[in-house]
Amino acid sequence: MFKISILYFLITLFATTLGSTSGMGGGVIIKPVLDAFGHYDIETISVLSSVSVFLMCLISVSKKIRAGNDIKLDVAVPLSVGAVGGGYCGNYIFETALANQNANIVKIIQNSLLGLMLAVIFIYMLNKDKIKSLNLKSKFWPISIGFSLGMISSFLGIGGGPVNVAAFVFLFGYSAKTASSASLITILFSQISKLLSVLLGTGFGAYDLTILPYMLIGAATGGFLGSEISRRLSEKNVVLFFNITQILIFLICMFNIYNTILYL
């Protein structure tokens with residue numbers, strides 16, 4: 001058990017450090033990696049990932065605000081409001097899917113959707129300088145976009161970082177560094193919504209969370225490290241970090257799909 005605890009600590013530390021640096025949030029790495037190990041069922045993995053990502057985002061966003069980072073609250077706040085509603089809906093869809101489908105089928109759907117989104121986002125980020133941003137200004141858009149992103153992230157159990165960052169760059173014309181900060185705020189509120197849904201539904205006692213303390217230590221450390229690394233990186237290097245992480249996650253998703261199909 002001790003070796004597994006250390007392994008999960010290191011996975012969470014690595015994931016949240018990358019997630020905090022790039023704005024991905026960490027769940028996008030934690031969820032598929034834990035799927036690949038298969039130590040826990042899909043519901044428990046979702047809860048472990050959400051709690052760890054919530055703590056990382058809380059620490060990282062707090063550090064960014066104290067450091068005076070460029071966080072556009074006029075957009076970030078309505079995005080977060082939308083993400084709360086979206087997070088609740090995404091968790092409802094996830095629970096409904098599990099109730100009506102084999103857990104392995106749901107896992108394949110999650111990894112397939114994530115892999116497809118990563119491929120599209122990777123191509124966009126490589127060519128973002130050639131694609132004109134929409135620069136949306138209406139106050140309606142951040143709420144509706146936050147809802148959509150929160151729903152996707154909650155259903156997939158990933159925090160939604162890759163989608164968030166690319167969406168903020170394309171829709172609002174943000175730089176990658178500003179988009180990563182806005183993404184972390186949106187992820188924070190979508191995870192609050194998801195965790196409240198769990199608390200008011202099955203409760204946390206329904207899950208095996210014995211490994212969670214080790215993951216929380218990793219998440220807290222990753223939140224501090226990632227925010228410090230992000231502060232020192234140039235815009236170009238943040239994008240590089242983001243793209244490398246996407247390739248890694250895509251490969252893990254493909255492995256998970258192949259491995260799960262073998263057991264159907």
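Scope of this entry: the structure provided in the associated data block. Everything numeric here is computed off the predicted structure, so don't read it as measured data.

This next bit is on the overall build of the chain. When helices and strands are counted, the chain shows ten helices and zero strands. When its helices and strands are written in sequence order, the chain yields α-α-α-α-α-α-α-α-α-α. Rg of the C-alpha trace for the chain: 17 Å, near the compact-globule value of 18 Å for 264 residues, within the 12% margin. Here the C-alpha coordinates of the chain stretch approximately 45 × 35 × 35 Å along the principal axes. Looking at the 264 residues of the chain, the share that counts as buried comes to 55%. When contacts within the chain are restricted to residue pairs at least 6 apart in sequence, long-range pairs at least 24 apart make up 86% of them. As displayed, the chain has an accessible area near 11500 Å², and 71% of this comes from carbon and sulfur atoms. Computed over 17 positive and 10 negative side-chain charges, the separation of the two mean positions in the chain equals 10 Å.

To continue, consider the nonpolar core. In this structure, L48, M125, F168, F172 and I249 are the most contacted members of the largest nonpolar core, which totals 58 residues. Examining the composition of this core, we find that eight residues originate from one element, helix α7 (residues 161-172), more than from any other. Apart from residues no more than four positions distant in its own chain, F168 is found in contact with L79, L149, G173, Y174, A179, A182, S183 and T186. With ten residues, the next largest nonpolar core counts V61, L184, I185 and A219 among its residues.

This brings us to a nonpolar patch on the surface. Where nonpolar side chains cluster on the molecular surface, the patch consists of F2, I6 and L10 and spans about 300 Å² of accessible area. Topologically, F2 is positioned in helix α1 (residues 2-22). Residue F2 is classed as exposed on the basis of its relative accessible area of 60%.

For helix α9 (residues 212-232), which comprises 21 residues, the first-to-last C-alpha distance of 30 Å matches the rise-based estimate of 30 Å (1.5 Å per residue) to within 8%. All of the buried residues along α9 are L212, M215, G218, A219, A220, G222, G223, G226, S227 and S230. The inward-facing, buried residues of α9 abut α1, α2 (27-37), α3 (42-66) and α8 (176-200).

This part takes up the pattern of salt bridges. In a structure, side chains of opposite charge can pair up when their charged atoms sit close to one another. Per the stated rule, a full pass over the model turns up four salt bridges. E228 is the partner of K63 in a salt bridge, and the nearest nitrogen-oxygen pair spans 3.3 Å. With K63 in helix α3 and E228 in helix α9, this pair connects stretches of sequence that are 165 residues apart. Residue K128 pairs with D129 through a salt bridge whose shortest N-O separation is 3.5 Å. For K128, a relative accessible area of 17% corresponds to the buried category. Through salt bridges with shared partners, a single ionic network connects K63, E228 and R232.

About the thresholds
- Residues numbered from 1 in each chain as written.
- Predicted model: local features only at pLDDT ≥ 70, side-chain atom pairs only at ≥ 80, totals over all residues.
- Heavy atoms only, no water.
- Helix = DSSP H or I, 4+ residues; strand = E, 2+ residues; numbered from the N terminus.
- Rg over C-alpha atoms; globule rule 2.2 N^0.38 Å.
- Buried < 20%, exposed > 50% of the residue type's maximum accessible area, 1.4 Å probe, protein only.
- Contact = heavy atoms within 4.5 Å.
- Areas by Shrake-Rupley, 256 points an atom, 1.4 Å probe, with all protein chains shown as cover.
- Lys, Arg positive; Asp, Glu negative; His and termini not counted.
- Charge placed at Lys NZ, Arg CZ, Asp CG, Glu CD.
- Core = buried A, V, L, I, M, F, W, Y, C linked by side-chain atoms within 4.5 Å.
- Patch = residues over 30% accessible without salt bridge, like charges linked within 9 Å, V, L, I, M, F, W, Y side chains within 5 Å.
- Salt bridge = Lys/Arg side-chain N within 4 Å of Asp/Glu carboxyl O.
- Expected span 1.5 Å × (residues − 1).

Spatial relationships are all this shows, so hold off on functional conclusions.
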